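# Descriptive analysis of the structure
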Amino acid sequence: MRRSILAFGLLVLAAIGPVPSQAEEAKPFVTDKEINLLQLLPPPPANDSAQTKAELGEVLTLQVTRTPEMEQAAIADATEDVWRFSNVMGPKFVPAGLPVFSAFFDRVVATEGVVVDPAKDVWKRPRPHQLSDLVKPAVKLSSSGSYPSGHATVGTLMGVILSDMVPEKRAEIMARAWQFANNRVIGGIHYRSDIEMGRIAGTVIAFELLQRPDFLAEYEPAKAELRHTLGYSGS
């Protein structure tokens, strides 16, 4: 009996084929070889500089003045994906209805990491909680370099591309991108200059991508799907 069950199981597995262990990771459009932030951004302020002390003071002030609602928003925005813009894009802005768009933005998000992380690793700016025991972040801790902020970079990058797809909502989208980045300071995990440089980095990456034929080849069908789904006419 056991041999019969085993044989049946093997036949079933042969029929359905191998099951992938995990989803294939999205491929970035560019890397730090094409966009070297070490050549584009100034180095971070020194740990003992007046600027860092002032920025640390801002983090500590927000720590005692932020409301529970502000904390919850910062925690929610710890997720790095384009669906954080759903509150300005409307109820039809969901992954299930936008498969082409979703896969496209997976690649956009992956691009941020491979461009920003090498610069973080060189500059190694300590996070506020690593510099001062007084800092108690409201969001998940991170030990990666603080400068520039990857969240601010990817939020700006997504905002610029998304608003280029739906210019009718440009003001709301970019305001949401600003909030997404600012929540990293509110959450106590970044300094103000991390956010400012992240916004510059995100803008630079977006500008570079929008010039590339390989990017535009995926951008156009993703844009068309998004506009059709949301009910916007034209391209």
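Above this text you will find the structure in question.
Residues numbered from 1 in each chain as written. Predicted model: local features only at pLDDT ≥ 70, side-chain atom pairs only at ≥ 80, totals over all residues. Heavy atoms only, no water.

Packing of helix α8 (residues 150–165) against helix α10 (residues 192–209) brings their axes to within 7 Å, and their N-to-C directions diverge by 40°. When the axes of α8 and α10 are compared, the pair comes out oblique. Between α8 and α10 the crossing geometry is right-handed. Packed against α8, whose contacting residues are Ala 152, Thr 153, Thr 156, Leu 157, Val 160 and Ile 161, the element α10 presents Ile 195, Gly 198, Arg 199, Ala 201, Gly 202, Thr 203, Ile 205, Ala 206 and Leu 209 at the interface. Residues belonging to the contact of α8 with α10 are distributed by class as follows: nine nonpolar, five polar and one charged. (Axes fitted to C-alpha atoms, helices over the stretch in contact; angles between N-to-C directions. Helix = DSSP H or I, 4+ residues; strand = E, 2+ residues; numbered from the N terminus. Parallel < 35°, antiparallel > 145°, perpendicular 65-115°, else oblique. Left-handed = near helix turned anticlockwise from the far one by under 90°. Contact = heavy atoms within 4.5 Å. Nonpolar A, V, L, I, M, F, W, Y, C, P; charged D, E, K, R; others polar.)

The subject of this paragraph is the packing of aromatic side chains. According to the stated counting rule, one finds eleven aromatic pairs in the structure shown. Among the aromatic residues, ring-to-ring pairing joins Phe 29, Trp 83, Phe 93, Phe 101, Phe 104, Phe 105, Phe 215 and Tyr 219 into one connected group. Over the aromatic face of Phe 29 sits the side chain of Arg 107, whose NZ or CZ is 3.9 Å from the ring centroid. (Phe/Tyr/Trp six-rings, centres within 6.5 Å; stacked < 30°, edge-to-face > 60°. Lys NZ or Arg CZ within 6 Å of the ring centre and 35° of its normal.)

Another aspect to go through is the nonpolar core. By size, the foremost hydrophobic cluster in this structure holds 42 residues, and its most contacted members are Phe 93, Phe 101 and Ile 161. Of all the elements in the fold, those that place two or more residues in this core are α5 (86–89), α6 (99–123), α8, α9 (170–186), α10 and α11 (213–230). Top contributing element to this core by residue count: α6, with nine residues. In contact with Phe 93, not counting residues within four places along its chain, are Val 82, Trp 83, Phe 85, Ser 86, Leu 98, Phe 101, Leu 162, Leu 226 and Leu 230. With ten residues, the next largest nonpolar core counts Leu 56, Val 135, Ala 152 and Ala 181 among its residues. (Core = buried A, V, L, I, M, F, W, Y, C linked by side-chain atoms within 4.5 Å. Buried < 20%, exposed > 50% of the residue type's maximum accessible area, 1.4 Å probe, protein only.)

You can see Gly 187 is positioned in the loop between α9 and α10. In contact with Gly 187, other than residues within four places in its own chain, are Arg 66, Ala 74, Pro 137, Ala 138 and Val 139.

Tallied over the entire structure, the rule returns eleven salt bridges. For Arg 125, the salt bridge goes to Asp 194, with nearest N and O atoms at 2.8 Å. Separated by 69 residues along the polypeptide, Arg 125 in the loop between α6 and α7 (128–131) and Asp 194 in helix α10 bring together distant segments of the chain. We note a salt bridge from Arg 227 to Glu 168, for which the minimum N-O separation is 2.7 Å. Separated by 59 residues along the polypeptide, Arg 227 in helix α11 and Glu 168 in the loop between α8 and α9 bring together distant segments of the chain. Overlapping salt bridges, with partners in common, bring together Glu 55, Arg 125 and Asp 194 in one network. (Salt bridge = Lys/Arg side-chain N within 4 Å of Asp/Glu carboxyl O.)

Turning our eyes to something else, we now look at α11. Compared with an ideal rise of 1.5 Å per residue, which puts 18 residues at 26 Å, α11 spans 25 Å between its outermost C-alpha atoms and is within 8% of the ideal. Of the positions making up α11, those classed as buried are Phe 215, Tyr 219, Ala 222, Lys 223, Glu 225, Leu 226, Arg 227, Thr 229 and Leu 230. For α11, the secondary structure elements touched by its buried residues are α5, α6, α8 and α10. Gly 231 occupies a position one or two residues after α11 and carries a positive phi of about 90°. (Expected span 1.5 Å × (residues − 1).)

Residue Tyr 147 is joined to Pro 148 through a cis peptide bond whose omega torsion reads -10°. Mapped onto the elements of the fold, Pro 148 is located in the loop between α7 and α8. Although it is not a glycine, Lys 124 adopts a positive phi angle of roughly 50°. Turning to its location among the elements, Lys 124 is positioned in the loop between α6 and α7.

Before going further, it helps to examine the side chain of Thr 229. Looking at the element boundaries, Thr 229 is found in helix α11. Excluding residues that lie within four positions of it along the chain, Thr 229 makes contacts with Lys 92, Gly 97 and Leu 98.

Between α9 and α10, whose axes approach to 9 Å, the crossing angle comes to 155°. If you check the angle between α9 and α10, you find them roughly antiparallel. Judged by the sense of rotation from one axis to the other, the crossing of α9 with α10 is right-handed. Contacts between α9 and α10 pair Trp 178, Ala 181, Asn 182, Arg 184 and Val 185 from the former with Arg 192, Ile 195 and Arg 199 from the latter. Looking at side-chain class alone, the contact of α9 with α10 contains four nonpolar, one polar and three charged residues.

Any functional reading would require information beyond the geometric quantities listed.
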